[in-house]
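Letter by letter, the chains look like this.
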Amino acid sequence: GVPESFCTSSAGVCACERMKTALAGVPGAMFPVDFCSDMEHIKPVGFRSAPICEASDALGDASLLQDGQAGNIDFPHGTLKVLATVGEVNERTGAMLTGVPDGNGAYLLDATTVRYVYQSESYGQISRQETFPFFVNEPAHVGVTGSHIHYIDFDRT
């Protein structure tokens, strides 16, 4: 097989079965039978461009009910641009964007980089469990669940 150092998965999970085994002991962690094949659908930050929010209810307008497409985007305050969507993965850090973004901010990291920072609520990632743990404090690998602080770097050039 391909060595893990050559992982090309945007989700950063090239050894899915080993990852499931490692997380099996986490309280509440549940993996459906199709979990590893579903991981192939995980996309990098910025992949999705259709906003989830809508300017109004579709109210039976079938043209606004296209799966995977934006609904009514005629917002009274202007156009929205999607930068990231929960469930996408930061290719630089390998972290999946979790929960409901809350407490957003941005600052200029250097002359060419804007860093967007947000705190996520702990409602879960894609399925019904609490957010998967982020492991810290090597070599102890303490798993921290719940709300997380995320950052995404955007190139200004």
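Residues numbered from 1 in each chain as written. Predicted model: local features only at pLDDT ≥ 70, side-chain atom pairs only at ≥ 80, totals over all residues. Heavy atoms only, no water.

S.K.: Got a minute to help me understand the pattern of salt bridges in this structure?
M.R.: Pairs may arise between side chains of opposite charge once their charged atoms sit close together. Counted according to the given criterion, the structure contains two salt bridges. Across the salt bridge formed by Arg48 and Glu88, the nearest N and O atoms sit 3.3 Å from each other. Of the two residues, Arg48 is situated in the loop between α2 (35-39) and β1 (101-110) and Glu88 in the loop between α2 and β1; the sequence distance between them amounts to 40 residues. Here Arg48 falls in the partly exposed class, since its relative accessible area comes to 33%. The class for Glu88 is buried, based on a relative accessible area of 0%. In this structure, Asp153 engages Arg115 in a salt bridge whose closest nitrogen and oxygen atoms are separated by 2.6 Å. Taken together, the positions of Asp153 in strand β5 (residues 148-155) and Arg115 in strand β2 (residues 113-120) put the pair 38 residues apart, joining distant regions of the chain. Comparing Asp153 with Arg115, the two get one shared label, buried. (Salt bridge = Lys/Arg side-chain N within 4 Å of Asp/Glu carboxyl O. Helix = DSSP H or I, 4+ residues; strand = E, 2+ residues; numbered from the N terminus. Buried < 20%, exposed > 50% of the residue type's maximum accessible area, 1.4 Å probe, protein only.)

S.K.: Would you mind showing me how to read the nonpolar core here?
M.R.: Nonpolar side chains tend toward joint burial in soluble globular proteins. Ranked by size, the top nonpolar core spans seven residues in total: Cys16, Phe35, Cys36, Met39, Ile42, Val89 and Met96. Per-element accounting of this core gives the leading share, three residues, to α2. (Core = buried A, V, L, I, M, F, W, Y, C linked by side-chain atoms within 4.5 Å.)

S.K.: What is the right way to read the sheet that holds β1 from this model?
M.R.: Two pairing modes exist for strands in a sheet, parallel and antiparallel, and in both the strands are linked by backbone hydrogen bonds. With respect to topology, three strands assemble into an open sheet ordered β1-β2-β5, the strand pairing being antiparallel. Of all the strands in the sheet, the pair left with one neighbour each is β1 and β5. In this sheet, neighbouring strand axes are inclined to one another by 20° on average, regardless of whether the strands run parallel or antiparallel. Across eight bridges, the pairing between β2 and β5 is antiparallel. The partner of Val117 across the bridge, within β5, is Tyr151. (Pairing = 2+ DSSP bridges. Axes fitted to C-alpha atoms, helices over the stretch in contact; angles between N-to-C directions.)

S.K.: Can you help me understand the environment of His141 in this one?
M.R.: Along the chain, the position of His141 falls in the loop between β3 (134-136) and β4 (142-144). Given the relative accessible area of 42%, His141 is considered partly exposed. Contact partners of His141, with chain neighbours within four places excluded, come to Phe135 and Val136. (Contact = heavy atoms within 4.5 Å.)

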